[in-house]
Amino acid sequence: MRPTRSPVIPFLAAPCFALAALMPGEASAQNFFEELFGIGRAAKPPVPPRGVPAGPPAAPIPGTPLPDDPAASVPEAPRPVVPSRPVVLKAPSEDGLVGQELMLNGLSGSLKLERAGSGLSARITLPGTKVSQPTETCKVPLGGGGTITLTPEGRPEGVPRYEAAAAECPLRFDVTEGGVLVSSLGPTPVCTFSAQDCATTPVGLWGPAAATLIPRSSEFDSARGVADKAVRENYKLMTQRARREDVRPIVTEQAAFSSDREQLCRTYAREGAHGFCHLRVTENRALALATRLGVNVTAATAPAAPPRPRRKPPVEGMNPDGGPAALPQGE
C-alpha cells in the first residue's frame, strides 16, 4: 500500500526553513525557535538604556492631597476613652462591724465597735513599744478600758466616718467592708503614754486575722480588678472635668495614692496571700472619687425596693370586694 503525505507539513515547514537559512549557524536556529515560542527575548520586558531619564510620574488621583500640601489633613492620634459617668461601688456600712473584734494589720491590738443609742462607741486597746525598751511590746487601753464615744462625721469620702477627738490619742475612723481605716487627728501619727512607758502608732487598717482571710483570696482578687478599674475610670473623668490649672494636682494625688497604699498595706499580716488591705483601700478610693464627682454613693448603691404584688383581676360576675355573700345566687 502506497503511503500518503500530508500537504500541510511542507507548507508550514517551508517558511521555517527559509527563515532558518537567513540565520547562520546552530545558534541562529535556536534563537529563532525561542522567539517563535516566546521563551527568548520576547518573554522579557525591555530594559531602558542607561542615561535615559524616566518618564513623568503618574498623575495623582483627583481628591488625594499631595505629600507636601500644607492644607493636607494630618490624622489625629486616638484619644483615650473617658467614661460618661462615675463608676460607683457598693458603699460599706458600719452595721456589719458591730460586735466584731478587729486588730491593727490583723496582728495586735483590739478595736470593737458597739451600739450606743443611735450612735456608736468603741473599746480600743492600742499596741505599741516601750519607750525605755524599744524591743519590748506594750498595750494601752484607751479610756481606762471603757467605751469611747465616737462622733459621726457623715460621709465626706463616700464611707461612714467617725472621730474620737477627745480621747488620749485623737483618732479618725473610716469604715471599710470588714474593717476600719484609722488615721491620726494629732500632729503626728505616734501617741506616747508616759505613765505606761508606751509609744503607739495606731494608724493603719484594723481588720480580721490573716487566717480568716486566706480562704477568700480568690474572691478578693476578683473584686480587686473591679475596684482598680473603678479608680481609673473615675480618675479619667475627674481630669476631663477639671480646669487646666487643676489637672496637675489631681495627677499628683493619684500617683501618691498608689505609693501610699503600698506603704500602708505592706505591714498587714500575710497581705500577699490574700490582698484584703489592697482591696479595701482601693474600694474606698473609688468611692471617694465618685463622691468628689458629685455622686451620692449611698443613694446610688441602695438596694431597690421589692416590687409590690399585683392584685389579681376580678372574675367576671363576681364582686371583688365582697365575700361569699357577694356570689350570685341561683334562682
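A brief report on the enclosed structure follows. Since the model is a prediction, treat every value here as computed from it, not as a measurement. (Residues numbered from 1 in each chain as written. Predicted model: local features only at pLDDT ≥ 70, side-chain atom pairs only at ≥ 80, totals over all residues. Heavy atoms only, no water.)

## Details of the overall build of the chain
Where we set the bar: Starting at the N terminus, helices and strands are each numbered in turn, a helix being any DSSP run of H or I of at least four residues and a strand any DSSP run of E of at least two. Note on classification: 1.4 Å probe, protein chains only; a residue is buried when its accessible area is under 20% of the maximum for its type, exposed when over 50%, partly exposed between these limits. Pairs of residues are marked as contacts when any of their non-hydrogen atoms sit within 4.5 Å. Accessibility throughout is a Shrake-Rupley quantity obtained with a 1.4 Å probe, and a residue counts as covered only by protein chains that appear here.
The number of helices and strands found in the chain is eight helices and eleven strands. Residue burial in the chain is summarised as follows: out of 331 residues, 29% are buried. Contacts in the chain between residues at least 24 apart in sequence constitute 58% of all its contacts with a sequence separation of at least 6. About 22,500 Å² of surface is accessible on the chain, with carbon and sulfur atoms providing 58% of the total.

## Details of the packing of helix H5 (residues 244-265) against helix H7 (residues 276-292)
To keep things clear, this is the line we draw: Axes here refer to lines fitted to C-alpha atoms; in helices the fit is confined to the stretch in contact. Angles between the N-to-C directions go from 0 to 180 degrees. Comment on the angle field: the value is read as roughly parallel under 35 degrees, roughly antiparallel over 145, roughly perpendicular from 65 to 115, and oblique elsewhere. In this scheme the handedness of a crossing depends on how the near helix is turned from the far one: anticlockwise by less than a right angle means left-handed, clockwise means right-handed.
Relative to each other, H5 and H7 sit at 150°, their axes nearing to 10 Å. When the axis of H5 is compared with that of H7, the two are roughly antiparallel. Note that H5 runs across H7; the crossing there is right-handed. The segment H5 lies against H7, with Glu253, Gln254, Phe257, Arg261, Glu262, Leu264 and Cys265 engaging Cys277, His278, Val281, Thr282, Arg285, Leu289 and Arg292.

## Notes on the packing of aromatic side chains
Where we set the bar: Each pair of aromatic rings taken from Phe, Tyr and Trp, with Trp reduced to its six-membered ring, is defined by centres within 6.5 Å and is described as stacked if the planes are under 30 degrees apart, edge-to-face if over 60, and tilted in the remaining cases. A ring is scored as having a charge over it whenever the NZ atom of a lysine or the CZ atom of an arginine sits within 6 Å of its centre and within 35 degrees of its normal.
A full pass over the atoms with the stated rule returns two aromatic pairs. Taken together, a centroid distance of 5.9 Å and an interplanar angle of 50° make the contact between Tyr268 and Phe276 tilted. Ring pairing ties together the aromatic residues Phe220, Tyr268 and Phe276, which thus form one cluster. It is Arg285 that lies over the ring of Phe257; its NZ or CZ is 5.3 Å from the centre.

## Some points on H5
Under the convention used in this document: To estimate how far a helix should extend, the number of its residues minus one is multiplied by 1.5 Å.
Compared with the 32 Å implied by 1.5 Å per residue over 22 residues, the 33 Å span of H5 between its first and last C-alpha is a close match. Buried within H5 are the following residues: Ile250, Gln254, Phe257, Arg261 and Cys265. Check the buried side of H5 and you find it contacts helix H4 (217-241), helix H6 (271-274) and H7.

## Section: the pattern of salt bridges
Heads up, the rule is: The term salt bridge refers to a side-chain nitrogen of Lys or Arg lying within 4 Å of a carboxyl oxygen of Asp or Glu.
Counting across every chain of the model gives 14 salt bridges. For Asp95, the salt bridge identified is with Arg115, shortest N-O distance 2.3 Å. Here the residue Asp95 occupies a position in the loop between helix H2 (25-37) and strand S1 (101-104), and Arg115 occupies one in strand S2 (residues 108-116), the gap between them amounting to 20 residues. In this structure Asp95 comes out as exposed when scored by relative accessible area, which is 51%. Exposure remark for Arg115: the relative accessible area of 44% places this residue in the partly exposed category. The residue Arg224 makes a salt bridge to Asp228 at a minimum N-O spacing of 3.0 Å.

## Concerning the side chain of Arg261
Within the element layout of this structure, Arg261 appears in helix H5. The class of Arg261 is buried, set by a relative accessible area of 12%.

## Some points on the pairing of strand S11 (residues 204-207)
On a regular strand, one side chain projects to one face of the sheet and the next to the other, so that they alternate. Here is the rule: Paired strands are those between which DSSP finds at least two bridges.
Sheet topology note: the S1/S11 ladder contains two bridges and is antiparallel. Residue pairing in the sheet places Met103 in a bridge with Gly207 of S11. Here strand S8 (residues 179-184) runs beside S11; their pairing, made up of three bridges, is antiparallel. By the bridge assignment, Val182 is partnered in S11 with Gly204.

## A look at the state of the cysteines
Inclusion rule: Disulfides are defined as pairs of cysteine sulfur atoms found within 2.5 Å of each other.
Overall, the coordinates contain three disulfides when judged by the stated rule. Cys169 shares a disulfide with Cys191; S-S distance 1.9 Å. Since a negative S-S torsion denotes a left-handed disulfide, the Cys169-Cys191 link at about 70° is right-handed. Here Cys191 lies in strand S9 (residues 191-193) and Cys169 lies in the loop between strand S6 (161-164) and strand S7 (171-176), a separation of 22 residues in the sequence. The same class applies to Cys169 and to Cys191, which are both buried. There is a disulfide in this structure between Cys265 and Cys277, and the S-S distance comes to 2.1 Å. Its S-S torsion of approximately -75° makes the covalent link between Cys265 and Cys277 left-handed.

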